[in-house]
Amino acid sequence: MTKNSSAVVPGRNVVVVGTQWGDEGKGKLVDWLTETAQGVVRFQGGHNAGHTLVINGVKTALHLIPSGIMRAGVKCYIGNGVVLAVGKLLEEIAGLEKAGVEVRSRLRVSEGCPLILPFHAALDVAREAAKEKAGTAKIGTTGRGIGPAYEDKVARRALRVQDLKHPARFEAKLRELLAYYNQQLTALNAAQVDWSQAAWLKDQPLSAFVVDGQIAFEPVWEQAQAHAEQIKPMIADVSRELNEANKAGVNLLFEGAQGTLLDIDHGTYPFVTSSNCVAGNAAAGAGVGPQLLHYVLGITKAYCTRVGGGPFPTELEWDKEGTPGWHMSTVGAERGTTTGRARRCGWFDAALLKRSAQVNGLSGLCITKLDVLDGLAELKLCTGYQLDGEVIDILPMGADEIARCKPIYETLPGWTETSVGATRYEDLPVNAQRYLDRIQETTGVPIHVVSTSPDRDHTILIHHPYHA
C-alpha cells in the first residue's frame, strides 16, 4: 500500500456511508475529508443519527448538522431526504455557537425536508410501549419520531420546512394531522404512557404537549411558529445550490447517517431505520443527479457493533469481563452517541461487508478503530456462513434468514504493540497489516484510509478519495 500523490480534482464529489449497523466513525472521516471539500451534505435520516468528532482532544457530538461545520469556511447542507426536528436543530446550533463555532451563515436547510413534530415522537414512544406490554419484540427505535415522520412523507400528508413560511397553510395541515395522530394514540392507549419520561427538546418532555393521552394543538402550533422565525434565514433550494456549486468546481461531500445494514430496503429488515442509508440515496436525498457521485467511501470498523434489536451473526459475549467482546466494548467505549445505549460487539464480518459493497458500489474502505484491537492475542474474521446446510459467502436478505446464519471463521494472530496514533501504514504492527490485508482479500474492496484513534490527525492515508 502506497500513498497516492495525484492532485485533488476540482468538482469531484465523494459519498461517505457506513457499511455495518452504524456507529462506524463516519463523523471523524467527514470532518477529516473537509480539509479538501468545500461543502458537506446530509441526505437522509434525522436526529436519531449521532456523529462524534474529537479535534485536539475536544469531543463534539452532532446529530443533524453535517460534520463539516467544524471546519471554518465549509458550507453545510441539510438535504430534502432528512426528516427535520427544527427544535433539535436549533439546540444543536446553540451548542455549537456557545463553543465559538459560527453556524447560521454556513448552514442551508432544504425547504423539502419533512418536519418531525411532537406527535411523531409520541406515536413512536406509544408504539414501542404497546409492543413491550404485549410481550412482542420491539424494533428498538430511538423514540424520536423518525419512522412516523417518514410514514407521513410517503403517505403524502407531511408538513415540510417550506410550510413554515405560510402560517395559514401550516395551521390547516397541522389540525388535520393532529386528528389523525390522536386517533392512533387513542388506539394505543397512550393515556397510560408516562410522558414525563419521554424527551422532546433538551429541557422539555413530551408531557408539555400531551393532555389525557392526546396531543394538544396550541403548544405544538406556538412552538412551531417560534421555531419558524429562527430557521427561515437558513431555508434554501438546496438542490439548486448544490448543482450550481458543482458547476463552479466546488468539491462536495455527501454524508450518510446510520449504516447500510439499517437501510429500509437492504438492511436486516424489520430491524432497520426508516430511510435509505445507501450511497445511491445521496442523489435523491440531496437533489443531484447520480452522475455527480464520483467516489463512494465505505466506513468500516475493524470489528462489528450494533445497537438495538435484530440478528448479529458474529456477536460475542460482550458484557463478560475478560472476553474479546468485553475488550471491544470497554476499550472502544461502545455506547451510542445519540442514545447512550451499549452497543453489542462482535468479530469483523467480511460476508456482511460484501453485501454493503454490492449495494453501495464502494470505491474504497476506511477502517476505523483498528487501535481497539491492540492487545488481543488472536482475532477471528467471518468469511461466510452455514445457512440451512449450505455454505454462503454473502449476507442474505432479511432478519429471519440472517438469524439462522452460523458464521464461518478464520483465525488470525493479534498484536501486542500499539497502533494508536499511527499515520503511516508501515508503522502499524506487522500482524495489524496482515489483518488489514486479509480484510481486503475477503471483501474484494481496497482499503484507502485507516483511522488509528478518534483524533482528526491520527489517520493513515493510502489513496485520497478526492484524487483521480
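Quantities reported herein were computed from a predicted structural model and do not represent experimental measurements.

A.B. asks: Explanation requested: the environment of Asp437 in the structure shown.
C.D. replies: By the element assignment, Asp437 lies in helix α12 (residues 430-443). For the pair Asp437 and Ile447, spaced 10 residues apart in the sequence, the C-alpha separation amounts to 8.4 Å.

A.B. asks: I'm lost on the sheet that holds strand β17 (residues 364-368) in this one. Help?
C.D. replies: Adjacent strands of a sheet pair through backbone hydrogen bonds, lying either parallel or antiparallel. With respect to topology, 10 strands assemble into an open sheet ordered β11-β6-β5-β2-β12-β1-β13-β17-β21-β22, the strand pairing being mixed. Two strands in the sheet have a free side with no partner beyond their single neighbour: β11 (235-236) and β22 (459-461). As defined by bridge partners, strand β2 (residues 39-42) adjoins strand β12 (residues 252-255) across four bridges and the pair is classed as parallel. When the sheet's bridge partners are listed, Val41 is paired in β12 with Phe254. Running at roughly 140° to strand β5 (residues 75-78), helix α7 (residues 238-247) makes contact with β2, β5, β6 (107-110), β11 and β12 of the sheet.

A.B. asks: Is there a simple way to think about α7 in this case?
C.D. replies: Along an α-helix, residues three or four positions apart point the same way, because every turn accommodates 3.6 residues. Of the residues making up α7, those classed as buried are Val238, Glu241, Leu242, Ala245 and Asn246. One side of α7 carries all its buried residues, which in axial view fall inside an arc of 135°. In α7, the exposed positions angled more than 90 degrees off the buried face are occupied by Arg240 and Lys247. Close packing links the buried residues of α7 with β2, β5, β6, β11, β12 and α8 (281-286). Once α7 ends, the next one or two residues include Gly249, with phi positive near 90°.

A.B. asks: Mind showing me how you'd approach the pattern of salt bridges here?
C.D. replies: Oppositely charged side chains can pair when the atoms bearing their charge come close. Per the stated rule, a full pass over the model turns up 25 salt bridges. Where Glu241 meets Lys75, a salt bridge forms, and the shortest distance between an N and an O atom there is 3.9 Å. With Glu241 in helix α7 and Lys75 in strand β5, the pair connects residues that are 166 residues apart, well separated along the chain. Accessibility expressed as a relative area gives 31% for Lys75, which makes it partly exposed. Notably, a salt bridge pairs Arg127 with Glu151, separated by 2.7 Å at the nearest N-O pair. Here the residue Arg127 occupies a position in helix α3 (residues 118-134), and Glu151 occupies one in helix α4 (residues 146-154), the gap between them amounting to 24 residues.

A.B. asks: What exactly am I supposed to notice about the packing of aromatic side chains here?
C.D. replies: Here the distance between the centres and the angle between the planes together describe a pair of aromatic rings. Considering all chains together, one arrives at seven aromatic pairs under this definition. Between Tyr180 and Tyr181 the ring centres are 5.3 Å apart and the planes differ by 85°, which places this aromatic pair in the edge-to-face class. Between Trp415 and Tyr435 the ring centres are 6.1 Å apart and the planes differ by 55°, which places this aromatic pair in the tilted class. Residue Trp415 is located in the loop between β20 (406-413) and α12, and its partner Tyr435 is located in helix α12; the two are separated by 20 residues in the primary sequence. Both residues of the pair, Trp415 and Tyr435, belong to the buried class. Among the aromatic residues, those joined into a ring-pair cluster are Phe119, Tyr180 and Tyr181. The ring centre of Tyr180 lies 4.2 Å from the NZ or CZ of Arg157, which sits over that ring. Sitting above the plane of the Phe217 ring, Arg175 keeps its charged end 3.7 Å from the centroid.

A.B. asks: Looking at this model, I keep getting lost on the nonpolar core. Mind explaining?
C.D. replies: Soluble, globular proteins show a tendency: their nonpolar side chains are buried together. Residues Leu84, Leu89, Leu107, Val109 and Trp195 are the most contacted members of the largest nonpolar core, which totals 59 residues. Of all the secondary-structure elements, those providing two or more residues to this core are β5, α2 (86-98), β6, α3, α4, α5 (167-187), β7 (199-201) and α6 (217-231). Ranked by size, the runner-up nonpolar core spans 49 residues in total, among them Cys345, Phe348, Leu373 and Leu428.

Reading guide: rules and limits
Residues numbered from 1 in each chain as written. Predicted model: local features only at pLDDT ≥ 70, side-chain atom pairs only at ≥ 80, totals over all residues. Heavy atoms only, no water. Helix = DSSP H or I, 4+ residues; strand = E, 2+ residues; numbered from the N terminus. Pairing = 2+ DSSP bridges. Contact = heavy atoms within 4.5 Å. Axes fitted to C-alpha atoms, helices over the stretch in contact; angles between N-to-C directions. Buried < 20%, exposed > 50% of the residue type's maximum accessible area, 1.4 Å probe, protein only. Arc of directions from axis to C-beta. Salt bridge = Lys/Arg side-chain N within 4 Å of Asp/Glu carboxyl O. Phe/Tyr/Trp six-rings, centres within 6.5 Å; stacked < 30°, edge-to-face > 60°. Lys NZ or Arg CZ within 6 Å of the ring centre and 35° of its normal. Core = buried A, V, L, I, M, F, W, Y, C linked by side-chain atoms within 4.5 Å.

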